[in-house]
Amino acid sequence: MNTFNELLQENFFDNTGQQWLISFAILLFFIFLRGPLAQSFISILHKASSQTKNTLDDEIITAIEPPLRLVFILLGLYGMLIFLKLPAQLDAFNSHFFHSMFAFTIFWSLYRVIGIFSTFVSSVQGKIANRFSADLALFLIKGVKLVLVIMGFVVIVQEWGYNFTGFLASLGLGGLAFALAAKDTAANLFGSLVIFSDKPFDVGDWIQTPGVEGTVESIGIRSTRVRTFAKALVAVPNATLANSPITNWSRMTMRRIKMTIGLTYDTNSTQMQNILTQIRQMLKDDSDINDGTILVNFTDFQDSALGIFCYFFTNTTNWNEYLLVREKINLNIMKIVEDNQASFAFPSQSMYIESLPENPKLNL
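A brief structural summary. Values in this document were obtained by computation on a predicted structure and should not be read as measured data. Counting restarts for each chain: residues are numbered from 1 in the order of the written sequence. Only residues with pLDDT of at least 70 get local features here, since the model is predicted, and only at 80 or more are side-chain atom pairs given and counted; chain-wide, interface and lining totals rely on the full set of residues. Only hydrogens and water are set aside when side-chain values are computed; all heavy atoms of the structure are taken into account.

## A short note on the packing of aromatic side chains
Here is the rule: A pair of aromatic rings is counted whenever rings of Phe, Tyr or Trp (Trp by its six-membered ring) have centres within 6.5 Å, and the orientation is called stacked for planes under 30 degrees apart, edge-to-face for over 60 and tilted otherwise. The helix and strand labels rest on DSSP assignments: H or I over at least four residues marks a helix, E over at least two residues marks a strand, and numbering proceeds from the N terminus. Relative accessible area decides the class of each residue, using a 1.4 Å probe on protein chains only: under 20% of the type maximum gives buried, over 50% gives exposed, and in between gives partly exposed. A positively charged side chain is recorded as over a ring if its NZ (Lys) or CZ (Arg) lies within 6 Å of the ring centre. The angle to the ring normal must also be within 35 degrees.
The tally for this structure, following the rule as stated, stands at eight aromatic pairs. Aromatic side chains Trp-206 and Phe-229 sit 5.5 Å apart centroid to centroid with 80° between the ring planes, which places their arrangement in the edge-to-face category. With Trp-206 in strand E3 (residues 206-208) and Phe-229 in the loop between strand E5 (223-228) and strand E6 (233-237), the pair connects residues that are 23 residues apart, well separated along the chain. Here Trp-206 falls in the buried class, since its relative accessible area comes to 18%. Classification of Phe-229 as exposed rests on a relative accessible area of 51%. For the cation-ring pair, Lys-145 lies above Tyr-111, with the distance from its terminal atom to the ring centre recorded as 5.1 Å. The ring of Tyr-322 carries Arg-255 above its face, with NZ or CZ at 5.6 Å from the centroid.

See below:
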């Protein structure tokens with residue numbers, strides 16, 4: 001005990017052993033109790049937020065719990081250092097350090113709070129569909145997070161005495177060169193803003209552009225990924241998409257069927273009239289065919305056929321269902337033609353010889 005008491009009275013770096021022991025005890029107290037202390041504070045906040053009907057405030061309180069634990073460690077470290085007698089140079093370092101760490105804690109808390117809005121916006125997407133889209137909301141959240149990271153970095157750098165504004169100004173021609181090199185990235189960024197705001201397509205849509213056709217798998221800040229029908233993945237820069245005509249086949253309300261049926265020239269007018277009438281009636285009676293536009297007309301005397309022009313739309317836009325409807329219509333048309341004793345034409349030529357020589361051998 002005498003030795004221990006002597007150590008407590010002994011000076012170590014201008015502080016007695018007792019001061020060092022108390023200061024470490026303060027630090028350990030906050031380290032070991034940071035969890036219960038933070039949990040108690042969070043519980044008080046949760047109790048207050050329970051009075052509201054929404055859950056957003058509860059998620060915000062949960063998000064700030066990790067930074068709050070760091071605050072209690074910083075408080076313990078701060079209490080340890082202020083209990084000790086430190087050199088002036090070290091006091092200045094400690095001041096910058098604690099200011100930087102508390103700034104980091106604040107920006108970390110804001111970063112985590114902004115992050116929960118991605119889930120919140122997605123959950124209420126249907127209520128604000130006319131104003132925003134989920135993709136645009138996520139893009140804006142990522143932008144705010146990036147701004148927070150930059151601001152936090154600038155605040156901490158300036159706390160240590162570095163002139164960040166002067167550093168940016170000193171970039172000079174290097175900054176200009178960087179801006180020129182990043183012009184494509186900036187173009188893609190603005191292209192993504194156009195896509196998010198104008199919404200010419202969504203994830204899962206079948207689109208066609210002059211350069212690619214397929215299903216949209218993801219829409220990013222720099223590019224949009226399209227899965228082609230050959231199962232290849234194509235990354236298209238958003239700047240290219242924003243300046244290209246885009247056909248969104250997934251937003252069709254109907255699918256078109258356009259074809260010309262050729263009948264042989266031995267089809268008489270009565271057969272032709274009956275076939276036209278029966279095809280029109282068959283299409284009108286079919287529930288899979290949209291009755292808004294049905295055109296069936298005898299239009300052409302072709303080289304080897306009598307042409308019947310058919311133009312109508314299916315109610316379904318699904319590719320597989322469309323093919324089944326088209327197959328059914330084709331079979332019905334075949335039956336109508338067969339029932340009227342007519343035949344489909346195929347490319348052919350007829351040669352008519354007016355007369356033959358009496359003795360062909362003389363003309364060989």
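## Examining the pattern of salt bridges
Heads up, the condition is: In what follows, salt bridge is the name for a side-chain nitrogen of Lys or Arg lying within 4 Å of a carboxyl oxygen of Asp or Glu.
Considering all chains together, one arrives at seven salt bridges under this definition. Across the pair Asp-202 and Arg-251 runs a salt bridge, and its minimum N-O distance is 3.4 Å. Here Asp-202, found in the loop between helix H9 (183-198) and E3, pairs with Arg-251, found in the loop between strand E7 (247-248) and strand E8 (255-263); they are 49 residues apart in sequence, far enough to count as distant. A residue is classified by how much of its surface remains accessible, and Asp-202, at 25% relative accessible area, is partly exposed.

## Considerations on the sheet that holds E7
For clarity, the cut-off: Strands are labelled as partners when DSSP assigns at least two bridges between them.
The strand order across the open sheet formed by five strands is E6-E5-E4-E3-E7, and the pairing between neighbours is antiparallel. Of all strands in the sheet, those bounded by a partner on one side alone are E6 and E7. As paired elements, E3 and E7 share two bridges and run antiparallel to each other. When the bridges of E7 are listed, Gln-208 appears paired with Thr-247.

## Topic: the nonpolar core
Stated formally: The definition of a nonpolar core used throughout is a set of buried Ala, Val, Leu, Ile, Met, Phe, Trp, Tyr and Cys residues joined through side-chain atoms within 4.5 Å. Contacts are residue-level and defined by heavy atoms, with any inter-residue pair within 4.5 Å sufficient.
Ile-279, Leu-283, Ile-308, Phe-312 and Ile-329 are the most contacted members of the largest nonpolar core, which has 24 residues in total. At the level of secondary structure, the elements contributing two or more residues to this core comprise E8, helix H11 (269-285), strand E9 (289-301), strand E10 (306-314) and helix H12 (319-339). Not counting residues within four places of it along the chain, the set of residues in contact with Phe-312 comprises Arg-255, Arg-256, Ile-257, Met-259, Leu-283, Ile-289, Thr-293, Ile-294 and Ile-329. One finds Ile-195, Ile-207, Val-216 and Leu-241 within the second-largest nonpolar core, a separate group that totals 10 residues.

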